[in-house]
Amino acid sequence: MTFVLRRAGQAAIVLIAAFTATFFLLQLLPGDAILIKFSDPSLGLSPEQLDDIRATYGADVPWGEQYLHAGLGFLAGDFGYSTQYGTPVRTMLAEALPATLLLAALGLMVAVLLAVLIAVLSSLAPFAWLRDGLRQVPGLFVAVPVFWLGILLIQVFSFGLGWVPIVGADPISGLLLPVLTLAVPISAPLAQVLVRSIDRVQAQPFVTVVRAKGAPPAWVLTRSVARNAAVPTLTIAGVLFGELVGGAVVTETVFGRTGIGRLTEQAVANQDIPVLQGVVLLSALGFVVISFAVDLATPLIDPRQRRAARAARSRPVRPAAQEVPA
């Protein structure tokens, strides 16, 4: 219970910090989104009407009042209204979120599969030169820009080979290239951490004992090494959620997909501050939830942490020693 309360407090601090930083940084952007949209001479709005519109959006009050009003609105689930479309930001996020969640979930699954494949092959490959070459693959993946990879996949698999249509694709084939574009850069740090963890665990004495008993390398890797090496990889996978959101912005723009990424790109272009605030806070909330889930799942994977937690709960509380007067 203490752990849950402590993590909830840390999550609240992260969300407040994210909201505060986003609010004041966006306020420092040059220009005014309301004036950009409504000061067009073809609309024929008078200065008084522009002032009324600014008052409707709450842009006519000092930053401090705007900050408190927006913060209280977020606590109540009210993200305000888009200055570009006049639509509630909550509605826009709810419509765009499912597509991005599907893309991010599939991208993370493929990234994990790629990382596991690289780590296993780099440990079990029969030739030393092949193992060394596979260990260099994550460094290559991490250096690949997302937008360049997306364009390359379109050129090769859509225009070159014609395997995946870029226009009029069905829901399944339309996800293949975006998921691969998102997964390849994310798989690089996962593979690097997993390979290092496997090397560290394989150097432990208990692994040496298992090998001395005649266990084959594949059995040692899957039965004795994998669970111990998976804990750091699980932790970094939760941290990489932010990378998934950032990659989704570029991926959805390159492939013309609707989602949080495309919504963010349009909000940046239009200086739609309420939408940007909602996207950042939603991303921070997702990061906090995933980190909390990783913290809860780690003891289920690592038996040493379970034993340590049980030992801490069963340890008797010793009374404080009383000083005996001379």
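The rules we used
- Residues numbered from 1 in each chain as written.
- Predicted model: local features only at pLDDT ≥ 70, side-chain atom pairs only at ≥ 80, totals over all residues.
- Heavy atoms only, no water.
- Helix = DSSP H or I, 4+ residues; strand = E, 2+ residues; numbered from the N terminus.
- Buried < 20%, exposed > 50% of the residue type's maximum accessible area, 1.4 Å probe, protein only.
- Contact = heavy atoms within 4.5 Å.
- pLDDT = per-residue confidence, 0-100.
- Phe/Tyr/Trp six-rings, centres within 6.5 Å; stacked < 30°, edge-to-face > 60°.
- Lys, Arg positive; Asp, Glu negative; His and termini not counted.
- Salt bridge = Lys/Arg side-chain N within 4 Å of Asp/Glu carboxyl O.
- Core = buried A, V, L, I, M, F, W, Y, C linked by side-chain atoms within 4.5 Å.

**Describing the overall build of the protein chain**
The helix and strand tally for the protein chain stands at 14 helices and zero strands. Starting at the N terminus and walking to the C terminus, you meet the elements of the protein chain as α-α-α-α-α-α-α-α-α-α-α-α-α-α. Across the 326 residues of the protein chain, 33% fall into the buried class. Across the protein chain, contacts joining residues at least 24 apart in sequence account for 71% of those joining residues at least 6 apart.

**A closer look at the confidence of the model for the protein chain**
Here the protein chain averages 75 in pLDDT, while 79% of its residues score no lower than 70. Here helix α14 (residues 303-314) stands out as the least confident element of the protein chain, with mean pLDDT 54; helix α5 (residues 89-124) is the most confident, with 85. Within the model, pLDDT remains below 50 along residues 320-326, and this stretch shows zero contacts once partners closer than five positions in the same chain are excluded.

**Quick notes on the packing of aromatic side chains**
Applying the stated criterion across every chain yields a total of five aromatic pairs. Their ring planes at 90 degrees and their centres at 5.1 Å tell us that F19 and F74 sit as a pair that is edge-to-face. Of the two residues, F19 is situated in helix α1 (residues 2-27) and F74 in helix α4 (residues 63-75); the sequence distance between them amounts to 55 residues. No difference in accessibility class separates F19 from F74, as the two residues are buried. Among the aromatic residues, those joined into a ring-pair cluster are F19, F24, Y67, F74 and F79.

**Re the side chain of R257**
With respect to the element layout, R257 can be found in the loop between α11 (241-255) and α12 (260-270). Here R257 sits buried without a salt bridge, and the closest side chain of opposite charge, E252, lies 5.5 Å off (N-O distance). Not counting residues within four places of it along the chain, the set of residues in contact with R257 comprises A99, G174, L175, P178, E252 and R262.

**Overview of the nonpolar core**
Core analysis: the largest hydrophobic core is formed by 25 residues, its most contacted members being L177, I186 and L190. For this core, the secondary-structure elements that each account for two or more residues are α5, α7 (146-160), α8 (173-202) and α11. Among the elements that take part in this core, α8 stands out by supplying ten residues, more than any other. If you look at the next biggest cluster of nonpolar residues, it comprises 16 residues, including F79, M92, L263 and A267.

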